[in-house]
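Here is what each chain is made of, one letter per residue.
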Amino acid sequence: MRYHNITKDDMLNGDGLRVVLWVAGCSHCCKDCHNPITWDPNGGLPFDTAAKNEVFEELEKDYISGITFSGGDPLHIANAYDVTELAKEIRAKFPNKTIWLYTGYTWEEIRHLEVVKYLDVLVDGEFEVDKKDQNLHWKGSSNQRVIDVKRTLREGEVRLHEEDCEVS
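Before going into details, it helps to say that this report is about the structure given with it. (Residues numbered from 1 in each chain as written. Predicted model: local features only at pLDDT ≥ 70, side-chain atom pairs only at ≥ 80, totals over all residues. Heavy atoms only, no water.)

Details of the layout of surface pockets
Rules: The definitions used throughout rest on a 1 Å grid laid over the protein atoms alone, on which a cavity is an enclosed set of points accommodating a 1.4 Å probe that cannot get out and a pocket is an open set flanked by protein within 12 Å on both sides along at least five of seven lines; lining residues are those having an atom within 4 Å of a point. Grid points are joined across faces, edges and corners, and a volume is the space filled by probe spheres set on the points.
Of the voids in this model, the largest pocket is the one considered here, and its volume is about 750 Å³. Around the largest pocket, the lining comprises 32 residues; the ones closest to its centre are His34, Tyr102, Phe127, Gly140 and Gln144.

Below, the structure written as structure tokens:
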């Protein structure tokens with residue numbers, strides 16, 4: 001797996017202060033994507049031990065709520081295995097931290113993947129510029145869903161994160 005950046009103290013890509021791992025590789029190529037530099041799976045840097053240690057050092061901080069996988073697409077064929085293994089390790093080592101993942105795939109396409117059982121929130125679906133709305137919470141276009149993964153798995157139908165909350 002390759003990555004472009006590790007953002008620390010991020011407040012834009014999930015609840016609380018987060019670490020964000022921006023992976024390289026995306027085949028969705030959404031029109032007007034905010035991050036096309038991450039599409040090339042050969043771009044960025046190798047995700048090596050030093051990068052992993054950097055992520056873990058951030059997650060050890062009490063004020064960090066968790067990690068968000070974004071990109072690129074964390075479920076691109078070049079990333080899916082490594083992201084799954086990393087999410088598994090993070091879930092075991094930091095059970096109180098939340099794990100969010102942004103993907104262009106829909107819940108229905110990826111719900112069977114192993115990585116899903118380690119996630120708290122999944123933001124699914126391709127970015128569609130004609131449905132872009134800057135007032136949306138945690139997502140760029142209205143077709144995307146911010147899914148409460150644990151509740152969705154437990155109840156057997158898609159449940160949205162914050163669906164019972166008033167979001168302004």
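Structural notes on the sheet that holds strand 5 (residues 98-102)
Just so we agree on the cut-off: Here, any two strands with at least 2 DSSP bridges between them count as paired. Only DSSP runs of H or I reaching four residues or more are called helices, and only runs of E reaching two or more are called strands; each is numbered from the N terminus. Note on contacts: a residue pair qualifies if any of its non-hydrogen atoms lie within 4.5 Å across the two residues. Each axis is a line fitted through C-alpha atoms, taken for helices only over the stretch in contact, and angles between the N-to-C directions span 0 to 180 degrees.
An order of 3-1-2-4-5-6-7 is seen for the seven strands of this open sheet, with the pairing classed as mixed. Whereas interior strands pair on both sides, the edge strands pair on one side only; in this sheet they are strand 3 (45-46) and strand 7 (145-148). The sheet contacts of helix 1 (residues 49-59) involve strand 1 (2-10), strand 2 (17-23) and strand 4 (64-70), and relative to strand 1 the element is tilted by about 15 degrees. On the sheet, helix 2 (residues 80-93) packs against strand 2, strand 4 and strand 5 and is oriented at approximately 170 degrees with respect to strand 4.

What about helix 1?
Selection criterion: Relative accessibility thresholds used throughout: buried, under 20% of the residue-type maximum; exposed, over 50%; partly exposed, between the two (1.4 Å probe, protein chains only). Taking the helix axis as origin, the arc is that swept by the directions to the C-beta atoms.
If you check which residues of helix 1 are buried, you get Ala51, Val55, Phe56, Glu58 and Leu59. What you see down the axis of helix 1 is that its buried residues fit within an arc of 160 degrees, all on one side. Of the exposed residues in helix 1, those oriented more than 90 degrees away from the buried face are Thr49 and Ala50. Where helix 1 is buried, its residues meet strand 1, strand 2, strand 4 and helix 2.

Quick notes on helix 2
How we decide: Expected helix span is given by 1.5 Å per residue-to-residue step, counting one fewer step than there are residues.
Taking 1.5 Å per residue as the helical rise, helix 2 with its 14 residues ought to reach 20 Å, and the 20 Å between its terminal C-alpha atoms agrees with that figure. Of the residues making up helix 2, those classed as buried are Val83, Thr84, Leu86, Ala87, Ile90 and Arg91. In an axial view of helix 2, the angular spread of the buried residues amounts to 170 degrees, which keeps them on one side of the axis. Along helix 2, exposed side chains directed more than 90 degrees from the buried face belong to Tyr81 and Ala92. Buried-residue contacts for helix 2 involve strand 2, helix 1, strand 4, strand 5 and helix 4 (149-155).

Things to note about the nonpolar core
Generally speaking, a soluble globular protein has its nonpolar side chains buried in company with each other. Applicable threshold: Only buried Ala, Val, Leu, Ile, Met, Phe, Trp, Tyr and Cys residues count toward a nonpolar core, and they belong to the same one when joined by side-chain atoms within 4.5 Å.
Counting residues in each nonpolar core, the largest one holds 31 residues, and the members touching the most others are Leu21, Ile67, Phe69 and Ile90. Contacts of leucine 21, omitting those with residues within four sequence positions, involve Met1, Tyr3, Asn5, Ile6, Phe47, Ile67, Thr68, Phe69, Ser70 and Leu86. Residues Trp100, Tyr102, Val121 and Trp138 belong to the second largest nonpolar core, which totals six residues.

Brief notes about the pairing of strand 6 (residues 121-124)
A regular strand places its side chains on the two faces of the sheet in alternate fashion. On strand 6, burial covers both faces: Val121 and Val123 on one face and Leu122 and Asp124 on the other are all buried. Where strand 5 lies against strand 6, three bridges are found, and the strand directions are parallel. The partner of tryptophan 100 across the bridge, within strand 6, is valine 121. Sheet analysis places strand 6 next to strand 7, joined by four bridges and oriented antiparallel. Bridging across to strand 7, aspartate 124 finds its partner in arginine 145.

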